[in-house]
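Residue strings, one per chain:
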Amino acid sequence: MWALHGDYDQVSTDDPEGGMKLVYNTLDVIAAETMTRLDRFKAQDESMQSDLQFPFLVDLFCDVATLAQRTLVWLGASFDSTFWHSGWGKDEDHKIALDGHTLVPISSLMLTLTVSRLQREVSKTFDRIGFDNVLEHIIDSNEIQDEYGISLPPSPKEFLSIGIASLERKVGIEVDRQGHFVRLIDELIVGSHAAARPSHPQEMSNTVWSLATAGFGPRHPRAFDTTLVPASRRPSTKDVRSDPITECFAAVAGEAMRRPWEFKDQELKDVLWSFSKIGVRHPLLFKSVAKHIVGRSGRGFSTFSSQGLGNTLWSFAKQAQLSLEVIESLGDRVKLVSTGRLAVYETSCLDNGEDVIKRLFVRAAEAALAMGLDRFKNQDLSNTVWAYSTLGMLHSKFFKATEQEVVKRLKRQRNGFRGQEIANIYWSFATLNARPDPTMVDELSSNVASVCRGKEGVVDETSIAKMFGQRQELANLAWSCAVIGRYPEELMRLLYAGLLGSGDDPDRMKRAFNDDGLQQSSIMTLYYVQVAADVEAPELRLSLPKGFPNGWGEDEDHEHAPDEHDLVRMSSSMLTLTVSRLQREVSKTFDRIGFDNVLEHVIDTNEIQDEYGISLPPSQKEFLSIDIVNVEQKVGIEVDGPGHFVRLIDEPRKESAAGPDARRDPFGDRGENRVNGPTILKHRLLTHLGWDIVHLPYWEYQDLAGDEDKEREYCLSLLDRRDEE
């Protein structure tokens, strides 16, 4: 299996399910044989000097994890969706109870009548905890037709089997049918943990990479988060040592911090990637590595591969993005006052130091430009620009070069982009207000339409779903078009077709994309896009279905695991009902100069339809909020805090932040600050709705240092400028 670390050979087959079964049967045999002689596996350095009769432990772990992960992703969807559509639930609590790990189904052969030894052992365990069950319950086609109303031919066929079933509770438990494989993973976890401390860097990085790839994370994921999690909420040293995986990650992090120069670029990147991939924040590790790379006499990025550079930046951005899950979980107990996009940037600054994280991303951009972006794979480009946009940092030269490289590839129509890659790249440009040339938008539109049209020449929800795995990706593209203010007809119609179909049939769309409906952020995105396109591209005649969003969204209690769309959801929202201390102070100053105002005025969809004549479905939705308003004069004051800006990290303009020219152009660059994409779109929407919007950058007011005379003069000047315009 050692050869698996090289390039992968792909073999075509007419029987993919049989091929996957063969792979797992092979893994099962290897696992069974390995477990009988696990103590004879050697450490890496010893293995290299021996006759290679037994490979070293971590190599085997890497290979098993790689094969399992690649096969699981490919086979999982059909198995899971079949059970859900048949009305059977999967008991997550009991799944997780098996040795503390979730056992994922690894075969799409849905009728399996053999009972493994592991299944019998698991069944007995459930019996002992009072969970009555039977082994290999069969559902036939007649039962599906009679009980679930699904139309099938009348001839009975044994259709599905469930490994362990409680008929009374209607709960099915699927045990991993490759029992040896699961037990081997458990054994390897213990073995790799024991070997981690004295190991060679490659051995250590491969260990945590394998654990993260196979989905085995520490039982105590917040053990290392010294930035956000109070000491009283972090597990004790005893707790950490009680879990081999947590201690394994801790040991590898400790060695990477102690001797980073001994790790090769790829090994260092793999350690960082593993922590971020599995969802474990470790600020001390990331700060140490950042300083090692860009500190005085640091190694720099010049020797990194394009993949290594992209994955490293992705790992740093993901560490900061994971703060959103911590904030949601711990609430007021988190040592951070910001939320949303600003919380992600501030977390990264607290983790690494603001100067260090900026320098890291500047040096990475310079290294990428020196290397040549033609050496970056599509995914590398996508990961890299996503990292910059997630942290709200714009390196203009790098993004301009990326734009040119993307356009070149789109024109060639080779090295095809996946839907997620296109969505991430375009969303990143829109979020950072990177101002791409219209050529990029037009080429992107042409490319997406060509791929979705395919050989059949038909674009429908099925062909679109082949390119875009999630409808959130389509919503991101639509939102990006609205932010940039360019609506290619072919692309917009395709996006609406992928999000809503053509027959006002939400259930059909759920089946096409194998989801539970549109996420709430996608629904709000469609409202924003609809209003923007209705005013800015009326010739398209786009419309939302009657009764939207009723029946189109997920259930209200539907929960999403933290993922890369968290920031997308926040970027697409323009409804902010929290009132900051600065907003209150500004409101009082406007009161003192005789400008009557209220805080957080909300505009809903019914108001938009009734007062502005924009066609929207009748269901009422809160749509936009304005920080400070005088309703009678229809004047709004937007207090633009740090979350409204991106940071220009290459050659920012050295101009007076409070100069008169800056005030005439509220969206011009101010030193190292540029207004971000969401703020631009919100301003345009409010302007279209007849509001006169004045923007107040937070630093201009803070520079007045509480001097009431200066504050009054400043606020009067804002109103005077509005009158002049």
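Structure's up top.
The following refers to the structure shown. Every value quoted in this text rests on a predicted model; they were computed, and no experiment measured them. (Residues numbered from 1 in each chain as written. Predicted model: local features only at pLDDT ≥ 70, side-chain atom pairs only at ≥ 80, totals over all residues. Heavy atoms only, no water.)

**Focus: the sheet that holds strand β8 (residues 635–640)**
Okay, so step 1: Spatial strand order, β6-β7-β8-β11: 4 strands in an open sheet with mixed pairing. The strands lining the two open edges of the sheet, one partner per strand, are β6 (598–604) and β11 (692–697). Averaged over all pairs of adjacent strands, the angle between their axes in this sheet comes to 45°, without regard to strand direction.
Okay, so step 2: Relative to β11, β8 runs parallel, the two being bridged by 6 bridges. Across the sheet, the residue bridging to V635 is D692, located in β11.
Okay, so step 3: The strands touched by helix α30 (residues 677–688) are β6, β7 (622–630), β8 and β11; relative to β7, the strand with the most contacts, the crossing angle is about 80°. (Pairing = 2+ DSSP bridges. Helix = DSSP H or I, 4+ residues; strand = E, 2+ residues; numbered from the N terminus. Axes fitted to C-alpha atoms, helices over the stretch in contact; angles between N-to-C directions. Contact = heavy atoms within 4.5 Å.)

**Describing unusual backbone geometry**
Okay, so step 1: Residue P549 is bonded to the preceding F548 through a cis peptide linkage, with omega at 10°.
Okay, so step 2: For P549, the position within the fold is in the loop between α25 (520–536) and α26 (566–572).
Okay, so step 3: In this model, E600 sits at a positive phi of 50°, which is unusual for a non-glycine residue.
Okay, so step 4: A positive phi angle is found at K634, which is not glycine, with a value near 55°.
Okay, so step 5: Inspection of the secondary structure puts K634 in the loop between β7 and β8.
Okay, so step 6: For K634, a relative accessible area of 24% gives the class partly exposed. (Buried < 20%, exposed > 50% of the residue type's maximum accessible area, 1.4 Å probe, protein only.)

**Considerations on the sheet that holds strand β9 (residues 645–648)**
Okay, so step 1: The sheet built from 3 strands is open, its strands ordered β5-β9-β10 with mixed pairing. If you trace the sheet from one side to the other, it starts and ends with β5 (393–394) and β10 (673–675), each paired once.
Okay, so step 2: For β5 and β9, the ladder comprises 2 bridges, and the chain directions are parallel. Directly across from M393, in β9, lies its bridge partner R647.

**Comments concerning the nonpolar core**
Okay, so step 1: Counting residues in each nonpolar core, the largest one holds 137 residues, and the members touching the most others are F361 and Y388.
Okay, so step 2: Among the elements that line this core, the one with the most residues is helix α16 (residues 354–371), at 10 residues.
Okay, so step 3: Those residues in contact with F361 that sit more than four places away from it in its chain are L313, F316, A387, Y388, L391, M393 and I649.
Okay, so step 4: If you look at the next biggest cluster of nonpolar residues, it comprises 23 residues, including L582, I637, Y698 and L719. (Core = buried A, V, L, I, M, F, W, Y, C linked by side-chain atoms within 4.5 Å.)

**Some thoughts on the packing of aromatic side chains**
Okay, so step 1: Under the counting rule described, the total for this entry stands at 18 aromatic pairs.
Okay, so step 2: Between F286 and F316, the aromatic rings sit 5.0 Å apart at their centres with planes inclined by 85°, giving edge-to-face as the arrangement. Separated by 30 residues along the polypeptide, F286 in helix α12 (residues 283–294) and F316 in helix α13 (residues 306–321) bring together distant segments of the chain.
Okay, so step 3: For F286, a relative accessible area of 2% gives the class buried.
Okay, so step 4: Centroid distance Y388 to F399: 6.0 Å. Interplanar angle 90°. Geometry classified as edge-to-face. Here Y388, found in helix α17 (residues 378–391), pairs with F399, found in helix α18 (residues 396–412); they are 11 residues apart in sequence, far enough to count as distant.
Okay, so step 5: By the ring-pair criterion, three or more aromatic residues cluster together here, those being F361, Y388, F398, F399 and F429. (Phe/Tyr/Trp six-rings, centres within 6.5 Å; stacked < 30°, edge-to-face > 60°.)

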